[in-house]
Amino acid sequence: MSDLRVVIAGAGGRMGRTLVALAHATPGMVVAGALERAGSDALGRDAGELAGVGALGVAVSDNPLETLLNADAVIDFTTPASTVALAALAAQARVIHVIGTTGLSAEDIARIDAAARHAVVIRSGNMSLGVNVLAGLVRQVAATLGEGYDIEIVEMHHKMKVDAPSGTALMLGEAAARGRGVDLASRAQRGRDGITGARKAGDIGFASLRGGTVVGDHTVIFAGPSERIEITHKAEDRALFAHGAVRAALWGRGQKPGHYSMADVLGLA
């Protein structure tokens, strides 16, 4: 089988450069394109040189459709607006779209769902193996303990992160809600300030911390009568997410069009 030709979106950013380097080093994969927003300082530069792996002969472009026509997959850790636009183009080109972008709205996800009718879309709030195992545990514990145990999700990230709660925290909240058989949107408590009154039974609470250079810490707390269960994951290197995304892109080859998650990729669904 020929190498999977992959495009890296946001190739000039920290995650984009990490993805270019990893994709280049991964057997069975070749960097076929690199994308950045219009006006980026990275445009026209060699993606490999930006990533510190030497020239690859792949210039960073701001023309996604032209770039995708010569690819099999695109890996995308960008912004919600860019991801939604890229989803439509990836569907048009019948290209695998691996999405690690967070901060997506319900409307954004609906548009990605529409694109997934025509192409393989693999989307996750977190691409790491450990976090996806954690989500499975959270769902199981939530189902077992029931509403007698209050659920709080605490996350911390670096000071430059622009969305809160994190995509991973929301993913863990969804896992807890599924375990309880409820809709997260109707049970989420995403901010407390002032005189809030007593905690409502069945709420799933979120707390977001920001500071320093923290890659990503997440703790799910089940607080019950006279005891607490705390499950924690700490990410130490953002390459962790890149490895998962590359694995997802390789898995996507040969799959039927649809909207998949990392749980599908890892056989945890």
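Here the residue numbers are simple positions, counted from 1 along each chain's written sequence. Only residues with pLDDT of 70 or above have their local features reported here, since the model is predicted, and side-chain atom pairs are shown and tallied only from 80 upward, although totals for entire chains, interfaces and linings are computed over all residues. Values reported for side chains reflect all heavy atoms of the structure, with hydrogen atoms and water molecules removed beforehand.

K.L.:
Would you take a moment to explain the overall build of the protein for this structure?
P.N.:
Across its full length, the protein holds 10 helices and 12 strands. Note that the radius of gyration is over C-alpha atoms, with the globule rule given as 2.2 Å times the number of residues to the power 0.38. What you see for the protein is a C-alpha radius of gyration of 19 Å, in line with the 18 Å of a compact globule of 269 residues. Its C-alpha atoms put the protein at 60 × 40 × 30 Å along the principal axes. Across the 269 residues in the protein, those meeting the buried criterion constitute 47%. Note on contacts: a residue pair qualifies if any of its non-hydrogen atoms lie within 4.5 Å across the two residues. When contacts within the protein are restricted to residue pairs at least 6 apart in sequence, those whose partners lie at least 24 apart make up 69%. As displayed, the protein offers around 12,800 Å² of accessible surface, 51% of which is attributable to carbon and sulfur atoms. Put simply, DSSP H or I for four residues or longer makes a helix, DSSP E for two residues or longer makes a strand, and each gets a number counted from the N terminus. Buried residues are those whose accessible area, probed at 1.4 Å on protein chains only, stays under 20% of the maximum for their type, while exposed residues exceed 50% and partly exposed ones sit between those limits. Using a 1.4 Å probe, the Shrake-Rupley method yields the accessible areas, and only the shown protein chains count as cover for residues.

K.L.:
What exactly am I supposed to notice about helix α6 (residues 129–145) here?
P.N.:
Taking 1.5 Å as the rise per residue, α6 with 17 residues should run 24 Å; its terminal C-alpha atoms sit 25 Å apart, in good agreement. Taken as a whole, α6 has its buried residues at Val131, Asn132, Leu134, Ala135, Val138, Val141 and Ala142. The secondary structure elements touched by the buried residues of α6 are β7 (150–157), α7 (167–180), β10 (216–224), β11 (227–235) and α10 (262–265). Positioned one or two residues after α6, glycine 146 has a phi angle of 70°, which is positive. Expected span of a helix: the number of residues minus one, times 1.5 Å.

K.L.:
How should the environment of valine 60 be read in this particular structure?
P.N.:
Relative to the helices and strands, valine 60 is located in strand β3 (residues 60–61). Between the C-alpha atoms of valine 60 and alanine 176, which are 116 residues apart in sequence, the distance is 40 Å. Residues within four places of valine 60 in sequence aside, it is in contact with Ala34, Leu35, Glu36, Ala42, Leu43, Gly44, Arg45, Ala47 and Leu50.

K.L.:
Help me out: how do you make sense of the packing of helix α1 (residues 14–25) against helix α9 (residues 239–252) in this one?
P.N.:
Packed helices, taken two at a time, are described by their axes: the angle between them and the distance between them. The interhelical angle for the contact between α1 and α9, taken along N-to-C directions, is 55°, at an axis separation of 9 Å. It follows that α1 is oblique to α9 by the angle criterion. When the axes of α1 and α9 are compared, the crossing they make is right-handed. In this structure, α1 uses Met15, Thr18, Leu19 and Leu22 to contact α9, whose residues at the interface are Ala239, Phe241, Ala242, His243, Ala245 and Val246. Within the contact of α1 with α9, the residues separate by chemical class into 8 nonpolar, 2 polar and no charged. Each axis is a line fitted through C-alpha atoms, taken for helices only over the stretch in contact, and angles between the N-to-C directions span 0 to 180 degrees. Should an angle fall under 35 degrees it is called roughly parallel, over 145 degrees roughly antiparallel, and 65 to 115 degrees roughly perpendicular, with every other angle called oblique. It is the rotation of the near helix from the far one that decides the hand of a crossing: anticlockwise by less than a right angle makes it left-handed, clockwise makes it right-handed. Only Asp, Glu, Lys and Arg are considered charged in this grouping, and only Ala, Val, Leu, Ile, Met, Phe, Trp, Tyr, Cys and Pro are considered nonpolar; every other residue, Gly among them, is considered polar.

K.L.:
What is the right way to read a nonpolar patch on the surface from this model?
P.N.:
A cluster of nonpolar residues, Leu129, Val133, Leu137 and Leu268, forms a patch on the protein surface that exposes about 330 Å² of accessible area. Take valine 133: it is sitting in helix α6. Two joining distances apply to patches: 9 Å for like charges and 5 Å for nonpolar side chains (Val, Leu, Ile, Met, Phe, Trp, Tyr), and every residue must have over 30% relative accessible area and no salt bridge. We define a salt bridge as a contact between a side-chain nitrogen of Lys or Arg and a carboxyl oxygen of Asp or Glu at a distance within 4 Å.

K.L.:
Hey, could you run me through the pattern of salt bridges in this one?
P.N.:
Once their charged atoms are close, side chains differing in charge can pair, the charge on each being opposite to the other. Taken as a whole, this structure holds 11 salt bridges when the rule is applied. When the shortest N-O distance is used, the salt bridge between arginine 253 and aspartate 72 registers 3.6 Å. Highlighted residues: arginine 253 in the loop between α9 and β12 (258–260) and aspartate 72 in the loop between α3 (64–68) and β4 (73–76), separated in sequence by 181 residues. Judged by relative accessible area, arginine 253 falls into the partly exposed class, the value being 26%. Here arginine 228 ties to glutamate 230 by a salt bridge, and the two come within 3.2 Å at their closest N and O atoms. Of the residues examined, arginine 228 reaches a relative accessible area of 61% and is grouped as exposed. Glutamate 230 sits in the partly exposed class, given a relative accessible area of 44%. Each of Asp150, Glu152, Arg192 and Arg199 takes part in salt bridges that share partners, so that together they form one network.

K.L.:
Looking at this model, I keep getting lost on the environment of alanine 11. Mind explaining?
P.N.:
Relative to the helices and strands, alanine 11 is located in the loop between β1 (4–9) and α1. With sequence-adjacent residues up to four places away left out, alanine 11 is seen in contact with Gly16, Arg17, Val20, Ala34, Leu35 and Glu36.

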